[in-house]
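So you can see what is in the structure, the chains are spelled out below.
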Amino acid sequence: MNRTKTMDLNQLLCNHQRALMNQRSAKSLNDRNTYFDLAGYYGERIRKYRLTAGLER
């Protein structure tokens, strides 16, 4: 059986929120930028998930 591992919407939202919280509490500029990029990555995945599932924004 060949299954691709995908995150459900709740996991994507959770990871996005964690990245935002970590960005705010990051001690270094490098860490802050990393979490900023990660939040953007999850935001885009959430957008695509909603689009393909026919969900509203």
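Now for a look at the structure at hand. As the structure is a prediction and not an experimental result, all values here were calculated from the model.

### Here we look at the packing of aromatic side chains
Part 1: Counting across every chain of the model gives one aromatic pair.
Part 2: Arranged with centres 5.1 Å apart and planes meeting at 65°, the rings of Y41 and Y42 form a pair that is edge-to-face.
Part 3: A residue is classified by how much of its surface remains accessible, and Y41, at 42% relative accessible area, is partly exposed.
Part 4: Classification of Y42 as buried rests on a relative accessible area of 12%.

### Some details on helix α1 (residues 9–25)
Part 1: In this model α1 runs 25 Å from its N-terminal to its C-terminal C-alpha over 17 residues, within 8% of the 24 Å that 1.5 Å per residue would give.
Part 2: L9, L12, N15, A19 and Q23 are the residues of α1 that are buried. An end-on view of α1 places all buried positions within 130° of arc, on one side of the element. Seen from the open side of α1, the exposed residues pointing more than 90 degrees away from its buried face are N10 and R24.
Part 3: On its buried face, α1 is in contact with α2 (29–53).

### Notes on the packing of α1 against α2
Part 1: Remark: α1 packs on α2, axes separated minimally by 8 Å, with the N-to-C direction vectors making an angle of 160°. With respect to each other, α1 and α2 are oriented roughly antiparallel. The two elements α1 and α2 cross, and the hand of that crossing is left-handed. Here L9, L12, L13, N15, H16, A19, L20, N22 and Q23 of α1 lie close against α2, whose contacting residues are R32, Y35, F36, L38, A39, Y42, G43, R45, I46, Y49 and R50.
Part 2: Across the contact of α1 with α2, the residue classes break down as 12 nonpolar, five polar and three charged.

Calculation notes
Residues numbered from 1 in each chain as written. Predicted model: local features only at pLDDT ≥ 70, side-chain atom pairs only at ≥ 80, totals over all residues. Heavy atoms only, no water. Phe/Tyr/Trp six-rings, centres within 6.5 Å; stacked < 30°, edge-to-face > 60°. Buried < 20%, exposed > 50% of the residue type's maximum accessible area, 1.4 Å probe, protein only. Helix = DSSP H or I, 4+ residues; strand = E, 2+ residues; numbered from the N terminus. Expected span 1.5 Å × (residues − 1). Arc of directions from axis to C-beta. Contact = heavy atoms within 4.5 Å. Axes fitted to C-alpha atoms, helices over the stretch in contact; angles between N-to-C directions. Parallel < 35°, antiparallel > 145°, perpendicular 65-115°, else oblique. Left-handed = near helix turned anticlockwise from the far one by under 90°. Nonpolar A, V, L, I, M, F, W, Y, C, P; charged D, E, K, R; others polar.

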